[in-house]
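Fold and geometry: a report
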Amino acid sequence: VQLQACGGGLVQPGGSLRLSCAASGSIFAIDYMAWYRQAPGKQRELVADITSSGTITYVDSVKGRFTISRDDAKKSGYLQMNSLKPDDTAVYFCSADIRSSPYQMHNYWGQGTQVTVSS
C-alpha cells in the first residue's frame with residue numbers, strides 16, 4: 001500500500017490550494033485519514049482528520065479556512081485550504097489507517113508536499 005500526496009506549491013497570502021492524497025495497492029477499506037504539517041524548526045502537528053463515518057476535527061488555527069474530505073470510491077482524501085497565511089507554510093503529510101483485509105490494518109504515510117505562503 002502506498003499513499004501519494006500532491007497539490008502543494010507557492011501561493012500568495014489569501015490564496016488557496018487543494019491537497020490530494022491517493023492510496024494504492026491492496027486496500028480493503030480506509031478507516032481514518034489525516035493531514036499533518038511540519039514547519040521548519042517545529043514539531044509535526046495534526047491539521048485535520050476524518051473518520052470512516054465522517055467525523056471531522058481541525059486544529060484551531062485552520063478552522064473556518066481548511067476543509068478535509070474523502071472519496072472512498074477513489075481511495076483518496078483531500079484538504080482544501082483557503083485564506084492561506086504565511087504561518088501555514090510547512091510540509092504537509094497525509095496519513096491513513098488502511099485495512100488490507102477485514103482483520104489487518106496498518107498506518108501509512110505519504111511523502112509530504114511543500115506548501116509555501118509568501119508574497
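Quick notes on the rules
Residues numbered from 1 in each chain as written. Predicted model: local features only at pLDDT ≥ 70, side-chain atom pairs only at ≥ 80, totals over all residues. Heavy atoms only, no water. Core = buried A, V, L, I, M, F, W, Y, C linked by side-chain atoms within 4.5 Å. Buried < 20%, exposed > 50% of the residue type's maximum accessible area, 1.4 Å probe, protein only. Helix = DSSP H or I, 4+ residues; strand = E, 2+ residues; numbered from the N terminus. Disulfide = S-S within 2.5 Å. Salt bridge = Lys/Arg side-chain N within 4 Å of Asp/Glu carboxyl O.

**Details of the nonpolar core**
Counting 28 residues, the largest nonpolar core has Trp35, Phe66, Leu79, Met81 and Tyr92 as the members making the most contacts within it. The set of elements that each furnish at least two residues to this core consists of β1 (2–6), β3 (17–24), β4 (29–38), β5 (45–51), β7 (66–71), β8 (76–81), β9 (90–101) and β11 (113–117). Ranked by residue count, the leading element in this core is β9, at 5 residues.

**Some thoughts on the state of the cysteines**
With the rule as written, the count across this model stands at 1 disulfide. Each sulfur in the disulfide pair cysteine 21 and cysteine 94 lies 2.1 Å from the other. An S-S torsion of about 65° defines the bridge between cysteine 21 and cysteine 94 as right-handed. Remark: cysteine 94 occurs in strand β9 and cysteine 21 occurs in strand β3; sequence separation between them is 73 residues. Residue class for cysteine 21 comes out buried when judged on its relative accessible area of 1%.

**A short note on the pattern of salt bridges**
Here the structure, examined in full by the defined rule, presents 6 salt bridges. A salt bridge links glutamate 45 to arginine 37; the nearest nitrogen and oxygen atoms lie 2.6 Å apart. By relative accessible area, which is 29% here, glutamate 45 ends up partly exposed. A salt bridge links arginine 65 to aspartate 88, with the shortest nitrogen-to-oxygen separation between them at 2.7 Å. On the criterion of sequence distance, the pair formed by arginine 65 in the loop between β6 (56–58) and β7 and aspartate 88 in the loop between β8 and β9 is long-range, its members being 23 residues apart. For the pair shown, arginine 65 and aspartate 88 are each scored as buried.

Remember that the coordinates give geometry; whether it matters functionally is a separate question.
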